[in-house]
Each structure stands twice: as structure tokens, then as C-alpha cells.
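Observations on the three-dimensional arrangement
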Amino acid sequence: MIFAEWSDDWLIFITNQASASQTTATQKLFIRPINASANEEVTTLTTVGQAFTARYIRTTDRDYISLLNKDQSTLTLYTGIFRNRDRRTESIIGHNVSAINLSPNNRFLVHNAGNHMVTLDLERFKRYHSDTSLEGLTDWSWMNDQHLAIKLGTDLKLVDYDGQNSELITKISPTSPILFFENKTLLYLQQENSRSYLTQSYLDPEKFTE
């Protein structure tokens, strides 16, 4: 095994498998529900790597695995994992990708493309390409199903799910975590006069339009 990662109640992992007649190992992608006694083989990877990030995504009538190959900077989406297995597909949906994030309701899969933000709407099958810059991205977290908090260096910004209405909130410590309380209060570390202060901001989602 070269990679394993939990995604909620599913374990996603990649193994190297080689037979005596093979000169190189074949990488296979598997998923295993936490309450299952067997692995589900998803596919044989066509592009190998050593570093990955993966998410299992379950929507109303479909399910997916998003697999980021960090070595190749490619994001691949597999459909039909447990549902509609006979129509399983594989699509490379992003290049120059180094970070992915999934909304709490499993609807929006967000990733970077170089220094720009791209959103895939898995419910309406739409893709949003945004001019919102992600240069200096160090962390991002969903405030709710529609809005993200994005940390770019020492800038903390709020942005809509599709990258619109990016708004600078404050300057923060480069090591400040992004923490939400009941999706309304943002806690972060703010630096002033070489000192760090735990700061609380109340956020009103209604000010951000889709």
C-alpha cells in the first residue's frame, strides 16, 4: 500500500501490485466502507504517483471519488463507485491542481487551477471558472454550504462557492487556524505590535450573494 486516507466512513487506498511477469508495479485504487468486510476495486490508475489526496462524495443519486495526484498535479473524478457500477466513468477534471475542498453538503468540489479557483457543481453538473486569485493559498474552510474562508498568506478572505464576491476580512497571523462556531462566528489569530490576539468576528451570510 502506498496511500490510504479516510473520507468520512470510507477508507480510500492505493496499492502497488505486480506479478512475476511484470517489470513495474500496477497501482490500483480501492475503497472500503467502515462497516464492510471486503474492498471495492475502483480502477487501475493510468497515471502513477506516490502522493495523493482523495475524497468519497455521495449525492442524492450518484457517488464519486475525487483523486488528486500531487506528483502529476492532476485531479481525476471517478463516478459510479457503489451506485451505477455498470456506468462507471473516469475523467481528468483539473490540471495544475494542488488543493481540493468539498462543501459540507457534498455539492461543490472546489480546486485550484494554478492560482485560480474552479468549482464543480455535482448537482447541476456545471463548472465555474473564477478570476479569484488563490496565490499564496495556505488554508481554506467552508463557512457553510455556500461560502468559504480562504487564507492567502496573511490575508483572510470570504468568497462565494463559485469564486465570486471575494472580500478581504482582515490581516491575520500566518499560522492562524480557521475555526467556525455554528457557522456564524469566525475565530482567528490577529497580529498587532508583534503580539497575537484571539479575535472573534460575527459573519452574516446574507451579505454575500450567489
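None of these values were measured; they are calculated from a predicted model.

**Some remarks on the overall build of the protein**
A count of helical and extended segments in the protein gives zero helices and 19 strands. When the backbone C-alpha atoms are referred to their principal axes, the protein occupies close to 65 × 35 × 35 Å. Split into buried and exposed, the 210 residues of the protein put 45% on the buried side. In the protein, once contacts between residues fewer than 6 apart in sequence are set aside, the share between residues at least 24 apart is 32%. Counting 20 positive and 25 negative side-chain charges, the protein places the averaged centre of each group 3 Å from the other.

**With respect to the nonpolar core**
Most often, soluble globular proteins keep nonpolar side chains buried together rather than apart. Ranked by size, the top nonpolar core spans 15 residues in total, and within it I12, L29, I31, I65, L67 and Y78 carry the most contacts. Sorting the residues of this core by element identifies β2 (10–17), β3 (26–33), β5 (52–58) and β6 (63–69) as the ones contributing at least two each. Among residues more than four places away in sequence, those in contact with I31 are W10, L11, I12, N39, E40, V42, Y56, I65, I81 and F82. Core analysis: the next-biggest nonpolar cluster, separate from the first, contains 13 residues, V110, M117, I150 and Y161 among them.

**Re the pattern of salt bridges**
In this structure the tally under the stated criterion is seven salt bridges. Here E41 makes a salt bridge to K28, at a shortest N to O gap of 3.1 Å. Of this pair, E41 sits in strand β4 (residues 40–44) while K28 sits in strand β3, and the two are 13 residues apart along the sequence. Between E40 and R85 there is a salt bridge, with the nearest N and O atoms lying 3.1 Å from each other. Of this pair, E40 sits in strand β4 while R85 sits in the loop between β7 (74–79) and β8 (89–95), and the two are 45 residues apart along the sequence. Connected through salt bridges with shared partners, the residues E40, R85 and R88 form a single ionic network.

**Some points on the pairing of β3**
Consecutive side chains along a regular strand alternate between the two faces of the sheet. Where burial is concerned, most of β3 is hidden: six out of the eight residues are buried. Direction of pairing for β2 relative to β3: antiparallel, over a ladder of eight bridges. From the neighbouring strand, L11 faces β3, where its bridge partner is R32. As paired elements, β3 and β4 share four bridges and run antiparallel to each other. Looking at β4, one finds that K28 is bridged to T44. Counted between consecutive antiparallel strands, the loop separating β3 from β4 contains six residues.

Calculation rules
- Residues numbered from 1 in each chain as written.
- Predicted model: local features only at pLDDT ≥ 70, side-chain atom pairs only at ≥ 80, totals over all residues.
- Heavy atoms only, no water.
- Helix = DSSP H or I, 4+ residues; strand = E, 2+ residues; numbered from the N terminus.
- Buried < 20%, exposed > 50% of the residue type's maximum accessible area, 1.4 Å probe, protein only.
- Contact = heavy atoms within 4.5 Å.
- Lys, Arg positive; Asp, Glu negative; His and termini not counted.
- Charge placed at Lys NZ, Arg CZ, Asp CG, Glu CD.
- Core = buried A, V, L, I, M, F, W, Y, C linked by side-chain atoms within 4.5 Å.
- Salt bridge = Lys/Arg side-chain N within 4 Å of Asp/Glu carboxyl O.
- Pairing = 2+ DSSP bridges.

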